[in-house]
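# An overview of the molecular structure
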Amino acid sequence: MFVGLLLSRYLNMSVEGQEAVTTVTPGQYILIEGNDDEYPFVAKLLKFFGDESHKQKKALVQWFLRLSEVPQNKKLLLGRSPHPQEIFYYLGRACDNEINAESILGTVHVRQDNSPDTLYVKLSWDTKAFNVLDPVLMQDTPASTPPKPALPLFPPCASPTATPVAGSVSDTRATMSAGKRSTLEAESIHSASKLSASKILSAKRRGSAADTPGVRKKLQLSIGASECLYCLFNILFSPFFPELRKELRNSVCFPCFLIQVTPSTPRHATPSIPSRTVPARQPGNILDEARARLHVSSVPESLPCREQEFQDIYNFVESKVMDGTGGCMYISGVPGTGKTATIHEVIRCLQHASDMDEIPTFRFIEINGMKMTDPHQAYVQILQKLTDQKVTADHAAALLEKRFSNPAPKKETTVLLVDELDLLWTRKQNVMYNLFDWPTRRHARLVVLTIANTMDLPERIMINRVASRLGLTRMSFQPYSFKQLQQIITSRLNKVKAFEEDALQLVSRKVAALSGDARRCLDICRRATEICEHSASHPSSTGLVRMSHVMEALDEMFSSSYITAIGCASLQEQLFLRAVIAEFRRLGLEEATFQQVFVQHRALSRVEGLQPISVSEGLAVCQRLGACRLLLLEASRLDMLQRVRLNVSQDDVLYALKAVRD
């Protein structure tokens, strides 16, 4: 790609397709190939050196940032709109200052005064705030090599070959949108040529754009230079006949007309949420305040009963962020045991430590398998949250593979939370494999935290190559005991006296005996406060929630129409529901085929001493349960491979079946 001779003090380099040879020496400001071909990285070259094998050439640099490289939530700290040519001196520690010499595109001018023709720097960025640049940082800089002749700014309809320039390439500005054209016209003369070199380099590495699927093709206009009198006149006779120029203004070609009249669209237009016209309603009494505090979406002041799990996850993620390495952790536990809440609290504390400069900066993104229609959409969501790009699933997978496989000079650690991991299962398991394989790459700097409800999910459904990538770092969240549930409710109420002690103990023991789900415990308590408020003669004279209110809430919670329907079902239908739950637990998934459930049903029939039913009778039982909406069945087929899901929670099914047996 580059042909160069590396000595102790300079580097001779040339780009294929260009005849000019550029000499780069320490002390010069350089352009470095990045993710965006049109805006390469800017840095100051400090020195050249070779790696341990003496086969690859390295360079030590001091980075500069464009405002587009600053995190979106911190751009407002600048307090003004930046100039297109303005860059910032980077004082952070998260970026690697060693690069490959092959990624250098050439030199560029950087000044300290506001110059419209070159890049200039006045402020520094330390990942927390913009500060006035210390002049000492810019002193003792050797004079940069004078820039080579720039590419001419051809009119949109003029042919680039009309004025040949040595080492130039076809001007791509002729087919760009108006918004991008206005930005490029303000760029420096030297940057224009280097941007073209960057495009040649990237196109060469990716192969021909015409042969590569997925490459965005630019619109090619068929209007020649001779068909646009206005553009042709500007090129040849504009300096000699200024009066005639006004008369030819009406004969402007259609592409030039679009560029003149089309307004530019903001690249980062952010919609705003209108402010409240009416303030949020304040709690009217103690029960209202208790209901607000007991809501599942309410963020508690502390996270009790998970101190050890919190510390283990915190130490794992912190060590990976500090070392700049990657890793995976598998976290399991039944629903409602605080897995997601604990991880969110860990991330919040780590982000606070990062803001205090105690650890390097990192990015946190989260995906949920329950919110995806297809497991391959995980690639799309991860890429969109990392780069704000929205592409197809296959293209996103290829871009993520490149991102986590290749080294990059400005790469910070990414912490990825994958909730409901079992719903990302596919037949080939390629999605799970990639999520677990990327952290093992040398330059990935990716930490993956996965959450599922089944403790032995890797052994149940994962093939060996996927389970091996997951590793042995695992954590299991045990169901809450009644004392822990009582402590969680008390900490959320935070000295709000709304429940009697016996009432809290009753609901805690009931839920702990069934599932240990803290969310269900909170829902029952909220319903008990509503019953207590409605049973009072006057809303202002509401008393404490007593055991009678809790018992009524428990009866409502565990006496729904679904539970009644299960209790009234036939013996074979109840046995089929037990077979569904047994198969779900065996697979570690929330979905199975009729064939898999039917095998479990025949096994349970033998255990219960019943005569196994035939396949047609089993299909009839499954259809009756689907008609009652106890099961969700695949409507497009009626055979052994029909997919089956529960329409009620497993806890409700077990509670109803237990009540029938008793």
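Up top is the structure these notes are about.
In this report, the structure presented in the accompanying data block is examined. (Residues numbered from 1 in each chain as written. Predicted model: local features only at pLDDT ≥ 70, side-chain atom pairs only at ≥ 80, totals over all residues. Heavy atoms only, no water.)

This brings us to the overall build of the protein chain. A count of helical and extended segments in the protein chain gives 22 helices and 20 strands. When the 662 residues of the protein chain are sorted by exposure, 43% land in the buried category. Long-range pairs, those at least 24 residues apart, make up 67% of the contacts in the protein chain with a sequence separation of at least 6. Carbon and sulfur atoms make up 53% of the accessible area of the protein chain, which totals about 35,300 Å². (Helix = DSSP H or I, 4+ residues; strand = E, 2+ residues; numbered from the N terminus. Buried < 20%, exposed > 50% of the residue type's maximum accessible area, 1.4 Å probe, protein only. Contact = heavy atoms within 4.5 Å. Areas by Shrake-Rupley, 256 points an atom, 1.4 Å probe, with all protein chains shown as cover.)

What follows deals with helix α6 (residues 286-293). The periodicity of an α-helix, 3.6 residues per turn, causes residues three or four positions apart to be oriented the same way. The complete set of buried residues in α6 reads Leu287, Asp288, Ala290 and Arg291. Looking straight down α6, one finds its buried side chains confined to an arc of 165 degrees; they lie on one side. On its buried side, α6 packs onto α14 (482-493) and α16 (518-535). For α6, the capping residue at the N-terminal end is Asn285, with a side-chain oxygen 3.1 Å from the backbone nitrogen of Leu287. (Arc of directions from axis to C-beta. Polar contact = N/O pair within 3.5 Å; in protein donor to acceptor, adjacent residues only side chain to side chain.)

Turning our eyes to something else, we now look at the packing of aromatic side chains. With the rule as written, the count across this model stands at 10 aromatic pairs. A ring pair is formed by Trp125 and Phe130, whose centres lie 4.6 Å apart and whose planes are at 40 degrees; its orientation type is tilted. Classification of Phe130 as buried rests on a relative accessible area of 13%. Note on Phe576 and Phe594: the rings are 6.1 Å apart at their centroids and 25 degrees apart in plane angle, and the pair reads as stacked. Of this pair, Phe576 sits in helix α19 (residues 571-587) while Phe594 sits in helix α20 (residues 594-607), placing them 18 residues apart in sequence. Phe576 sits in the buried class, given a relative accessible area of 0%. In this structure an aromatic cluster arises from ring pairing among Tyr29, Phe64 and Tyr89. Above the ring of Tyr480, the side-chain terminus of Arg306 is found at 4.3 Å from the ring centroid. A cation over an aromatic ring shows up here: Arg509 above the ring of Phe482, its NZ or CZ 3.8 Å from the ring centre. (Phe/Tyr/Trp six-rings, centres within 6.5 Å; stacked < 30°, edge-to-face > 60°. Lys NZ or Arg CZ within 6 Å of the ring centre and 35° of its normal.)

Let us now look at the sheet that holds strand β20 (residues 643-646). Spatially, three strands are ordered β18-β20-β19 in an open sheet, and the strand pairing comes out antiparallel. Since the sheet does not close on itself, it has two edges, and those belong to β18 (592-593) and β19 (631-633), each with one partner. Where β18 and β20 come together, two bridges link them in antiparallel fashion. Following the sheet pairing, Thr593 is matched in β20 by Arg643. α19 contacts β18, β19 and β20 of the sheet and is inclined by roughly 100 degrees relative to β20. (Pairing = 2+ DSSP bridges. Axes fitted to C-alpha atoms, helices over the stretch in contact; angles between N-to-C directions.)

Each pair of packed helices can be summarised by the angle the axes make with each other and by the distance between the axes. Two elements in contact, helix α15 (residues 501-514) and helix α17 (residues 547-557), have axes separated by 8 Å at closest approach and are oriented at 25 degrees. On the basis of the axis angle, α15 is roughly parallel to α17. The handedness of the crossing between α15 and α17 comes out as right-handed. Facing α15, whose interface residues are Asp502, Ala503, Leu506, Val507 and Lys510, α17 presents Met547, Val550, Met551 and Leu554. Of the residues belonging to the contact of α15 with α17, the class tally is seven nonpolar, no polar and two charged. (Parallel < 35°, antiparallel > 145°, perpendicular 65-115°, else oblique. Left-handed = near helix turned anticlockwise from the far one by under 90°. Nonpolar A, V, L, I, M, F, W, Y, C, P; charged D, E, K, R; others polar.)

Right, let's talk about the packing of helix α7 (residues 307-323) against helix α8 (residues 339-355) for a bit. Viewed as axis vectors pointing N to C, α7 and α8 meet at an angle of 50 degrees, and their least axial separation amounts to 9 Å. On the basis of the axis angle, α7 is oblique to α8. Viewed along their axes, α7 and α8 form a crossing whose handedness is right-handed. Note on element contacts: α8 touches α7 through Thr342, Ile343, Glu345, Val346, Cys349, Leu350 and Ala353, opposite Glu309, Phe310, Ile313, Tyr314, Val317 and Glu318. Of the residues in the contact of α7 with α8, the class split is nine nonpolar, one polar and three charged.

The next thing to look at is the pattern of salt bridges. Inspection of every chain in the model, using the stated rule, returns 20 salt bridges. The residue Glu556 makes a salt bridge to Arg527 at a minimum N-O spacing of 2.7 Å. Here Glu556, found in helix α17, pairs with Arg527, found in helix α16; they are 29 residues apart in sequence, far enough to count as distant. Among the residues examined, Glu556 registers a relative accessible area of 36% and is labelled partly exposed. The class of Arg527 is partly exposed, set by a relative accessible area of 29%. Between Arg643 and Glu634 there is a salt bridge, and its shortest N-O distance comes to 3.4 Å. You can call Arg643 partly exposed: its relative accessible area is 42%. (Salt bridge = Lys/Arg side-chain N within 4 Å of Asp/Glu carboxyl O.)

With 17 residues, α19 should reach 24 Å at 1.5 Å per residue; the first-to-last C-alpha distance of 24 Å fits that figure. With 12 of 17 residues buried, α19 is to be regarded as a mostly interior element. Those residues of α19 that sit buried are Gln572, Glu573, Gln574, Leu575, Phe576, Leu577, Ala579, Val580, Ile581, Glu583, Phe584 and Leu587. (Expected span 1.5 Å × (residues − 1).)

Relative to the elements of secondary structure, Ala452 occurs in strand β16 (residues 446-452). For Ala452, the contacting residues outside a window of four places in its chain are Tyr330, Ile331, Ser332, Gly333, Lys339, Leu421, Asp422 and Leu457.

Let us look at the sheet that holds strand β15 (residues 413-419). The pairing of strands in a sheet comes from backbone hydrogen bonds and takes either a parallel or an antiparallel form. If you walk across this open sheet you meet the five strands as β14-β15-β16-β13-β17, and the pairing is parallel. For this open sheet the edge positions go to β14 (362-368) and β17 (474-477), each flanked by a neighbour on one side alone. Each strand axis lies, on average, 15 degrees off the axis of its neighbour in the sheet, ignoring direction. Here strand β13 (residues 327-333) runs beside β16; their pairing, made up of six bridges, is parallel. If you follow Met329 over to β16, its bridge partner there is Leu449. Contacting β13, β14, β15, β16 and β17, α7 crosses the sheet at an angle of about 165 degrees to β13.

What follows is about the side chain of Gln62. With respect to the element layout, Gln62 can be found in strand β6 (residues 57-65). Excluding its chain neighbours within four sequence positions, the residues that come into contact with Gln62 are Ala43, Lys44, Leu46, Tyr89 and Tyr90.

It is worth spelling out the side chain of Asp419 at this point. With respect to the element layout, Asp419 can be found in strand β15. Lacking a salt bridge, the buried Asp419 has Lys339 as its closest oppositely charged neighbour, with an N-O distance of 6.6 Å. Of note is the side chain of Asp419, whose polar atom sits 3.0 Å from the side chain of Thr340. Apart from residues no more than four positions distant in its own chain, Asp419 is found in contact with Thr340, Ile367, Asn368, Gly369 and Ile451. (Lys, Arg positive; Asp, Glu negative; His and termini not counted.)

Another point: the pairing of strand β4 (residues 29-32). Neither face of β4 is open: one carries Tyr29 and Leu31, the other Ile30 and Ile32, and all of them are buried. Pairing of β4 with strand β5 (residues 41-50), which is carried by four bridges, proceeds in the antiparallel orientation. Bridging across to β5, Leu31 finds its partner in Val42. With three bridges joining them, β4 and strand β9 (residues 104-107) adopt antiparallel strand pairing. Bridged to Ile32 within β9 is Ile104.

Functional significance is not addressed by these values, which are geometric in nature.
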